[in-house]
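Below, each chain spelled out in residue letters.
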Amino acid sequence: MHMITLRLVIPPGEQAAATEIAELFRAHFTPHDRIEHLWAHSAMGSVYLAFFLLADNEAEALLAARAACQRAIDRTPQLTRWQLPDS
């Protein structure tokens, strides 16, 4: 199992409760993502996510977490202005 951390940038004026964000993201996970657990923490202007995934290596886990994260952003109307930075 691998832990991958990602940070989402929230547009100015928008807020996010960590539990709501985690639920929104989980709704878009698929069995193919192999995500076992998601932890979320919101802070001013950002949401920090920790994905726990089953993967053969860290690179595969990172790609899966980023893909699942971007899919949730793309498919959730209230997240359309949120960004997943490259680093």
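Right, let's walk through the structure included here. (Residues numbered from 1 in each chain as written. Predicted model: local features only at pLDDT ≥ 70, side-chain atom pairs only at ≥ 80, totals over all residues. Heavy atoms only, no water.)

Structural notes on helix α2 (residues 58-75)
Convention followed: A helix here means a DSSP run of H or I that spans at least four residues, while a strand means a run of E at least two residues long, and both kinds are numbered starting from the N terminus. What a helix should span is 1.5 Å times the count of its residues minus one. Burial classification: accessible surface area is computed with a 1.4 Å probe over protein chains only, and a residue below 20% of its type maximum counts as buried, one above 50% as exposed, and the rest as partly exposed. Two residues qualify as a contact provided that any one of their heavy atoms is within 4.5 Å of a heavy atom in the partner residue. By the criterion applied in these results, polar contacts are pairs of N or O atoms within 3.5 Å in which, for protein atoms, one can donate a hydrogen and the other can accept it, and in which residues neighboring in sequence qualify only through two side-chain atoms.
The end-to-end C-alpha distance of α2, which contains 18 residues, comes to 26 Å, matching closely the 26 Å that a straight helix rising 1.5 Å per residue would cover. Within the sequence span of α2, burial applies to Ala61, Ala65, Ala68, Cys69, Arg71, Ala72 and Ile73. On its buried face, α2 sits against β1 (2-9), α1 (18-26), β2 (35-43) and β3 (46-53). Where α2 begins, the capping side chain belongs to Asn57, and its oxygen is found 3.2 Å from the backbone nitrogen of Ala59.

Brief notes about the side chain of Ser46
Checked against the element boundaries, Ser46 lands in strand β3. A polar contact of 3.3 Å, which involves the side chain of Ser46, links it to the side chain of Arg7. Among all residues touching Ser46, those that are not within four sequence positions of it are Arg7, Leu8, Ile10 and His41.

As for the pattern of salt bridges
Applied cut-off: Definition used for salt bridges: Asp or Glu carboxyl oxygen within 4 Å of a side-chain nitrogen of Lys or Arg.
Within this structure, the stated rule accounts for 3 salt bridges. Arg81 is paired through a salt bridge with Glu14; the nearest N and O atoms lie 3.0 Å apart. With Arg81 in the segment after α2 and Glu14 in the loop between β1 and α1, the pair connects residues that are 67 residues apart, well separated along the chain. Given the relative accessible area of 28%, Glu14 is considered partly exposed. The shortest N-O distance in the salt bridge between Arg66 and Asp86 comes to 3.9 Å. With Arg66 in helix α2 and Asp86 in the segment after α2, this residue pair connects regions lying 20 residues apart in the sequence. Judged by relative accessible area, Asp86 falls into the exposed class, the value being 77%.

With respect to α1
Cut-off, in case you're wondering: The arc in question is formed by the directions pointing from the helix axis toward the C-beta atoms.
Those residues of α1 that sit buried are Ala18, Ile21, Ala22 and Phe25. Projected down its long axis, α1 shows its buried positions confined to an angular sector of 100°, all on one face. Within α1, the exposed residues directed more than 90 degrees away from the buried face are Thr19, Glu20 and Glu23. The inward-facing, buried residues of α1 abut β1, β2, β3 and α2.

Notes on the sheet that holds β1
As a reminder of what qualifies: Any two strands are treated as partners once DSSP identifies two or more bridges connecting them. Inter-axis angles, ranging from 0 to 180 degrees, are taken between N-to-C directions of lines fitted to C-alpha atoms, where helices are fitted over the stretch in contact.
Spatially, β1-β3-β2 is the arrangement adopted by the 3 strands of the open sheet, whose pairing is antiparallel. Two strands lie at the open edges of the sheet, namely β1 and β2, each paired on one side alone. With strand direction ignored, the average angle separating the axes of adjacent strands in the sheet is 20°. Inspection of the sheet shows β1 paired to β3 by 8 bridges, in the antiparallel sense. Following the sheet pairing, Thr5 is matched in β3 by Ala50. In the packing of α1 onto the sheet, the strands contacted are β1, β2 and β3, and the crossing angle to β2 comes to about 145°. Packing of α2 onto the sheet brings it into contact with β1, β2 and β3, and relative to β1 it is tilted by some 35°.

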